[in-house]
Amino acid sequence: MNRKKSLAAGLLFCTFLLSCCGCGKQQPEDSGKIQVGVVFYDQSDTFLGELVDCFRQQLAAYGDSGLEVTMMVRDAAGSQRTQDDQVKELIGAGCNVLCVNLVDRADPSEIIDLAREWDVPMIFFNREPVAEDMMQWDRLYYVGADARQSGEMQGELAADLILKDSQIDRNRDGKIQYVALEGEPGHQDAIIRTESAADTLENSGIALEKLGTGIANWDRAEAQNRMQQLISQYPNQIELVLANNDAMALGAIDAYQKLNYTDAALPVFFGIDGTKAGLEAVIDGELAGTVYNDKEGQAKAMARIAVAAVTGEGMEEIEFQDGRYIYLPYEKVTDGNVREFLLNGSGESSPIA
């Protein structure tokens, strides 16, 4: 009889445990700490490095206001499998909110499943998942910018300069011969930036002739190599270089410098992102212009969402599009306003306002 009672008690206890665990795994009770895990696709990306530095400053400001905030950063080095493992590691280390810059924007399902299983809110940034993936769970958010706007602004900058300076059309054929330096093959933002820049130029009345495209994976050294190949294919023919980011625009300039081209023989170069090196190149007259990607605004938005998601306070005060998206506008940068961006782009604005 005692044996039967013991067995019944044991079964009752097991049923209780199952009822507690049946709704999914839970992290340990919140101890008042905000532990932020950040994973990004490649630490060699200059803009992302600057954005993560801004984000660290924003979180530190919350720490100064009395919250206990820590941040752990992981670099996936271009591998989605590595990034999946890093998300698992950060959750295991106690991170209660995650910020993810995807390696492959079309393959976030595994990390979304992990976050949902452990009830860890996730903020995607800079690389936007497809809409269907964002709808998998109601604690997924995105912070970034509109790639089309950046391409349009780059095209406007180039059109303004070409219409002002007839010398850019060096061969006087009434067309601007150009090359494009793109990020990754098939990457949505790269495609949109390239196409919208060219479309904007043509809509401004500029006749274009595309000579070629170089895929440089957002990297300065790769862009230098690709640009040297394009120069060898089209010697003295290239009048305009449109690059998807500043790093690749600077790599194109490096290629011409390595080949000892004179200033009079150079095309005009345009970038996107407004990195520190890009802004300095505008001041030096090497870049004709760039488009500022508001890393300070994005870092501020990410910090507000992270804190609100963990504390449960302030989320209703954040202005989202469609309940989960925040897009920060780009701004055009020329030699006339570039110093304002260097002065203001410190990432030290207040995170609370």
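Here the structure is shown first, and the text comes after it.
Think of each chain on its own: its residues are numbered from 1, step by step along the sequence as written. Only residues with pLDDT of at least 70 are given local features in this predicted model, and only at 80 or more are side-chain atom pairs given and counted; all residues enter the totals for whole chains, interfaces and linings. Values shown for side chains rest on all heavy atoms present in the structure; no hydrogens or waters enter the calculation.

> When you look at the packing of helix 8 (residues 220-233) against helix 9 (residues 246-258) in this model, what are you seeing that I'm missing?
Axis lines are fitted to C-alpha atoms, over the contacting stretch for helices. Their N-to-C directions set the angle, which ranges from 0 to 180 degrees. Segments assigned H or I by DSSP are reported as helices when at least four residues long, segments assigned E as strands when at least two residues long, and all are numbered from the N terminus. Running from amino to carboxyl end, helix 8 crosses helix 9 at an angle of 50°, the nearest separation of the two axes being 7 Å. Relative to helix 9, the element helix 8 lies oblique. Taken as a pair, helix 8 and helix 9 cross one another with a handedness that is right-handed. Only Ala-247, Met-248, Leu-250, Gly-251, Ala-252, Asp-254, Ala-255, Tyr-256 and Lys-258 of helix 9 make contact with helix 8, whose side of the interface consists of Arg-220, Ala-223, Gln-224, Met-227, Gln-228 and Ile-231. We call two directions roughly parallel when the angle between them is under 35 degrees, roughly antiparallel when it is over 145, roughly perpendicular when it lies between 65 and 115, and oblique otherwise. For any helix crossing, the convention is left-handed if the near helix is rotated counterclockwise from the far helix by under a right angle, and right-handed if that rotation is clockwise. We call two residues contacting when some pair of their heavy atoms lies within 4.5 Å.

> How should I be thinking about helix 6 (residues 147-164) in this particular structure?
The terminal C-alpha atoms of helix 6 lie 26 Å apart, and with 18 residues this matches the ideal 26 Å at 1.5 Å per residue to within 8%. Where helix 6 is concerned, the buried positions are Ala-147, Ser-150, Gly-151, Met-153, Gln-154, Gly-155, Leu-157, Ala-158, Ala-159 and Ile-162. Packing partners of the buried residues in helix 6 comprise strand 6 (176-182), helix 7 (188-203), strand 8 (240-243), strand 9 (268-270), strand 10 (290-292) and strand 12 (331-333). Regarding helix 6, its N-cap is Asp-146, as a side-chain oxygen of that residue lies 3.0 Å from the backbone nitrogen of Arg-148 further along. Under the convention used throughout, the expected extent of a helix is 1.5 Å for every residue step, that is, one less than its residue count. Burial status follows relative accessibility: with a 1.4 Å probe on protein chains alone, a residue under 20% of its type maximum counts as buried, one over 50% as exposed, and anything between as partly exposed. We call two N or O atoms a polar contact when they sit within 3.5 Å, provided that within protein one can donate a hydrogen and the other can accept it, with sequence-adjacent residues counted only if both atoms are side-chain atoms.

> What is the right way to look at the sheet that holds strand 5 (residues 140-144) in this model?
Hydrogen bonds between backbone groups are what pair the strands of a sheet, and the pairing can be parallel or antiparallel. Being paired, for any two strands, means DSSP has found at least two bridges between them. Ordered by their spatial adjacency, 6 strands build an open sheet running 2-1-3-4-5-11, and the pairing between neighbours is parallel. Of all the strands in the sheet, just strand 2 (68-75) and strand 11 (325-327) have a single pairing partner and so form its edges. Averaged over all pairs of adjacent strands, the angle between strand axes in this sheet comes to 15°, irrespective of strand direction. Where strand 5 lies against strand 11, 3 bridges are found, and the strand directions are parallel. From the neighbouring strand, Val-143 faces strand 11, where its bridge partner is Ile-326. Together, strand 3 (97-100), strand 4 (122-125) and strand 5 form the strand contacts of helix 4 (residues 109-118), whose direction differs from that of strand 4 by roughly 150°.

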